[in-house]
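Breakdown of the fold
Residues per chain, in single letters:
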Amino acid sequence: MNTPKALAPESLYTHCDPAQFGFETTAELGGGGIIGQERAMEALQFGVGIRREGYNLFVLGPPGIGKYSVVRQYLEHAAGTAPAPPDWCYLHNFEQPDRPCAVRLPTGRGQALRRDMERLVDDLRNAIPVSFETEEYHTHVQEIEEALKDQREHALAELTAETESRGIALIRTPGGYAFAPVRGGEVIKPDDYEQLPDEEKQRIEASVEELQGKLANILRQTPKWQRESRDRIKALDREVALFAVGHLIEEVKKKYQDIAAITAYLDAVQNDVVEHLPEFRGQDETPNILGIALTEKPSFRRYQVNLLIDHGRSQGVPVVYEDTPLYQNLVGRVEHLTHMGALVTDFMLIKPGALHRANGGYLILDAKKLLTEPFAWEGLKRALYAREVRIQSLGQIYSYVSTVYLEPEAIPIDLKVVLLGDRFLYYLLQAYDPDFIELFKVTAEFEDRVERTPDNDRLYAGLLAVLTQREDLYPLDSAAVARVIEHGSRQAEDAERLAVHLSSTMDLLRESDYWARQAGRVVITRTDVQHAIDMQVRRVDRIRGQVQEGILRNLVLIDTAGARIGQVNALSVIDLGNFSFAQPTRITANARMGEGEIIDIEREVELGGSIHSKGVMILTSMLAARYAQDRPLSLTASLAFEQSYGLIEGDSASVAEFCALISALAAVPIDQRLAVTGSVNQHGQVQAIGGVNHKIEGFFDICRARGLDGGHGVIIPAANVVHLMLREDVIEAVRAGRFKIYPVESVDEAITLLTGVPAGIRDAQGEYPNGSVNQRVEDRLRDFAELRHEFAKPVPDGHENDDTPA
């Protein structure tokens, strides 16, 4: 087995050649295309193109990669080629006022209808009073009233004549009508009446009784005659009103004769106007409550048009993004006004929701915001299943408050809903909501990393040109573009990939522009980009400085010189949200005879995560398979992360743990100038880990502060070499031979580097070479097994086995 060689400086950083771009600054470029999102764009094109139920879209990917911008741009392009959808309005329902009617209108005609109805009401309020002020109308009314008076007077005259023929007079009194006997044209006085013969008195009383019956009949007929007279006046009013109103409404009907719902509505308006003529004639007294006059008569509001959706000026179908997807913001709401201490409403207070505004087009929603708003997700699903929007307030549904409610007619919808969210949310909905799969059948997944190729580099340069122009920033020269691309690879933690996190890229461009302006330049250079990157780190690296200070002051014990048995420098990453860094961590191991148990101290005190525990178990399995196939694994070992007081998670320290344990068993010291990272499998192969750049730089910073002597370095998995995008100061130290980075593929290579002693490979007879680390470990474990066997022998009677066998 050959000792691994240190990496050359060229392997530590993959440069981007500015010469490949062929421009001096991005000001020379036009726009750039979408980078590396072919799969997502194909899904987006399919989801927009298929017009079937349930084929709504869920666009998933990490935040900050530009999902919304790309989706919005694509949808607006697709929307611009389609005809604008129809207008929608709510009209008063004259038969059921609490159920306003929804009417669909051809595009742009909603505004015309609203203006026509406003003009119609004004015309009616002017024309109707004038029609009832004519001399002809007053003559007809007078004739009807005179006819009523004549009819009554005629009946009374006939009754008066009859009474006179019977010697009885009909007398009008303040209390009504009365009958009295007369003689010689004079009413008989009561005393004279008493002196009349009984026969005469009986005749008079009989006549009076009969005449009273006829008078009563006339009086009973009077209300009927009055009612008939009023009916004749109403008929006259209707005739006059129709004459005044009919041609005005007919003019409006002719404009909308192609819309059956509007012509039917105008017929209802005409009937309602005729039924409520006093309101137009100004005969109604101002309504009041407790003597307080109401300032507004609501009657004329019922003839207005609530234009809910107006596409008169729209170019193409709508693309709507609802930033606050509350339930009422999605499905609409009915507002209320406080009037005289009570909540009142009508159809004019119906307000549209995002589903109304996006009807016929596209609605974009943030999935997380949608799911965190009460009832919003269920309201959206209900609308998509029913393919209609029904405005219902939560107070009405759940009886939260007691007030007047409207039940507007539902409006049919035909739109595409596009949800934006991360992968975790997508798979969570898929697992726990069966409706989700039925309603969102198209998945468009955005990549957060793309392959770093010359073509993608040029596309990225075009994207930077677009971003700088959009934000009114200085253009970048070709070297600055190259540095931004290299930084993108660093963010992706892969020299062969490029991060497409547009949010952080935009931040870097803004800050680079700032530093260029501070330096008095009109073009962003590589120096400005590097300075912006350095300042981003500078603003957030306080914790890193404190951690390194603790190590350099020996408050945290980390050796970077000498050699120690059972002690190794591992590397761990600390993530602070928008900043990550690494620090060396001392791992120690002890070994003694036992029953094959490796104690993970972190797990025992519940400071080790499940993945870390898995790594220790794999280590235990590998140890037994390597050295104890034909005998019991007779040791007890313990592993500890020294001075670690938080949770330990991950398996990237399993190579370091194995090497520390082997060092303790073989009694071979480990060079403390080296640190090691990597996970291991049961066959001893070293596997890739994350954060390799941070880990190398973290150990380098400590070693540089204490003084580099050429022996310092880091051992990494060979699979991580393609991920290296190290800082310039690290590369310079490697180039000068003061720091080294070793790639390894197996734990044997790591052991050889750390101890300076060959690990050893079994020969044809299955034996390790003499003096090798593996041979020493195997011999030590064999000794443990023999000792354990001796201790396990039964003790003869009468003897005590107090001494350790030789």
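These remarks concern the structure in this document. Remember, it's a predicted structure, so these values are computed and weren't measured experimentally.

Structural notes on a negative patch on the surface
Negative charge collects at one region of the surface, where Glu118, Asp122, Asp123 and Glu251 lie side by side. For the negative patch, the leading source of residues is helix α3 (residues 109–131), giving three residues. In this structure, Glu251 sits in helix α6 (residues 198–255).

Points about the packing of aromatic side chains
Under the counting rule described, the total for this entry stands at 18 aromatic pairs. The interplanar angle of 55 degrees and the centroid separation of 4.8 Å between the aromatic rings of Tyr68 and Tyr321 together place this pair among those described as tilted. Here Tyr68 is found in helix α2 (residues 67–80), whereas its partner Tyr321 is found in strand β10 (residues 319–322), with 253 residues between them in sequence. The exposure class of Tyr321 is partly exposed, given its relative accessible area of 25%. An angle of 75 degrees between the planes, with centres 5.0 Å apart, marks the rings of Tyr426 and Tyr427 as edge-to-face. With a relative accessible area of 8%, Tyr426 lands in the buried category. Feature note: the residues Phe58, Trp377, Tyr426, Tyr427, Phe436 and Phe440 constitute an aromatic cluster, connected by ring pairs.

Some details on the sheet that holds strand β15 (residues 362–366)
Strand pairing in a sheet relies on backbone hydrogen bonds. The paired strands run either parallel or antiparallel. Spatially, five strands are ordered β10-β15-β18-β1-β19 in an open sheet, and the strand pairing comes out parallel. Here the strands that pair on one side only, and so sit at the sheet edges, are β10 and β19 (442–445). The mean angle between the axes of side-by-side strands here comes to 20 degrees, regardless of whether they run parallel or antiparallel. Pairing between strand β1 (residues 57–60) and β19: four bridges, direction parallel. What sits directly across from Phe58, in β19, is Thr443. Its contacts with the sheet place helix α1 (residues 38–49) against β1, β15, β18 (416–421) and β19, and it is angled at close to 150 degrees to β19. Packing against the sheet, α2 makes contact with β1, β10, β15 and β18, and its axis sits at approximately 170 degrees to β15.

Focus on the nonpolar core
Counting residues in hydrophobic clusters, the biggest one holds 50 residues, and the most contacted among them are Leu623, Leu635, Phe658, Leu661, Leu665 and Ile715. Ranked by residue count, the leading element in this core is helix α23 (residues 654–666), at 10 residues. Beyond its immediate chain neighbours, meaning those up to four positions away, Ile715 contacts Leu674, Ala675, Val676, Thr677, Tyr742, Val744, Ala750, Leu753 and Leu754. Counting residues in hydrophobic clusters, the runner-up holds 36 residues, among them Leu91, Leu248, Leu277 and Tyr303.

Here's the deal with the packing of helix α24 (residues 692–706) against helix α25 (residues 728–735)
With their axes 10 Å apart at the nearest point, α24 and α25 run at an angle of 65 degrees to one another. Relative to α25, α24 is oriented roughly perpendicular. Of the two elements, α24 crosses α25, and the hand of that crossing is left-handed. In contact with Ile696, Glu697, Phe700 and Arg704 of α24, α25 contributes Asp729, Val730 and Ala733. Considered class by class, the residues forming the contact of α24 with α25 number four nonpolar, no polar and three charged.

Quick word on unusual backbone geometry
With a phi close to 60 degrees, Arg387 is a non-glycine residue in the positive phi region. For Arg387, a relative accessible area of 36% gives the class partly exposed. Of note, the phi angle at Asp472 is positive, near 60 degrees, even though the residue is not glycine. Tracing the sequence through the fold places Asp472 in the loop between α16 (454–470) and α17 (478–492).

Description of the pattern of salt bridges
Here the structure, examined in full by the defined rule, presents 45 salt bridges. Arg302 is paired through a salt bridge with Glu279; the nearest N and O atoms lie 3.3 Å apart. Here the residue Arg302 occupies a position in the loop between β8 (292–293) and β9 (306–309), and Glu279 occupies one in helix α8 (residues 277–281), the gap between them amounting to 23 residues. Glu279 shares its class with Arg302; the two are buried. For Asp748, the salt bridge is made with Arg626, and the minimal N-O distance between the two is 2.8 Å. Here the residue Asp748 occupies a position in helix α26 (residues 747–755), and Arg626 occupies one in helix α22 (residues 610–627), the gap between them amounting to 122 residues. For the pair formed by Asp748 and Arg626, the shared burial category is buried. The network of salt bridges with common partners includes Arg490, Glu697, Asp701, Arg704, Arg727 and Asp729.

Conventions adopted
Going along each chain's sequence as written, the residues are numbered from 1 onward. Given that this is a predicted model, residues contribute local features only at a pLDDT of at least 70 and side-chain atom pairs are listed and counted only at 80 or more, while totals for whole chains, interfaces and linings are drawn from all residues. Based on all heavy atoms of the structure, the side-chain values leave hydrogens and waters out of the count. Patch membership is restricted to residues that have no salt bridge and whose relative accessible area is over 30%. Joining uses 9 Å for like charges and 5 Å for the nonpolar side chains Val, Leu, Ile, Met, Phe, Trp and Tyr. We get accessible surface area from the Shrake-Rupley algorithm with a probe of 1.4 Å; when it comes to residues, only the shown protein chains can shield them. By definition, a salt bridge exists where a carboxyl oxygen of Asp or Glu is found within 4 Å of a side-chain nitrogen of Lys or Arg. Positive charges come from Lys and Arg, negative ones from Asp and Glu, while His and the chain ends are left out of the count. Charged side chains are reduced to one point each, which is NZ for Lys, CZ for Arg, CG for Asp and CD for Glu. Numbered from the N terminus, helices here are DSSP runs of H or I no shorter than four residues, and strands are runs of E no shorter than two. Two rings belonging to Phe, Tyr or Trp (six-membered ring only in the last case) form a pair when the distance between their centres is within 6.5 Å. Interplanar angles under 30 degrees mark stacking, angles over 60 mark edge-to-face geometry, and anything in between is tilted. The rule is simple: take the accessible area with a 1.4 Å probe, protein chains only, and divide by the maximum for that residue type; under 20% is buried, over 50% is exposed, in between is partly exposed. Here, a strand pair is defined by DSSP locating no fewer than two bridges between the strands. Where helices are involved, their axes are fitted lines through C-alpha atoms of the stretch in contact, as for all axes, and angles between N-to-C directions lie from 0 to 180°. In what follows, residue pairs with any heavy atoms lying within 4.5 Å of each other are defined as contacts. Residue types Ala, Val, Leu, Ile, Met, Phe, Trp, Tyr and Cys, when buried and joined through side-chain atoms within 4.5 Å, form a set referred to as a nonpolar core. Orientation categories follow fixed angle ranges, with anything under 35 degrees roughly parallel, anything over 145 roughly antiparallel, 65 to 115 roughly perpendicular, and all other angles oblique. Here a crossing is called left-handed whenever its near helix is offset anticlockwise from the far helix by less than a right angle, and right-handed whenever the offset is clockwise. Ten residue types, Ala, Val, Leu, Ile, Met, Phe, Trp, Tyr, Cys and Pro, are classed as nonpolar, four, Asp, Glu, Lys and Arg, as charged, and the remainder, Gly among them, as polar.

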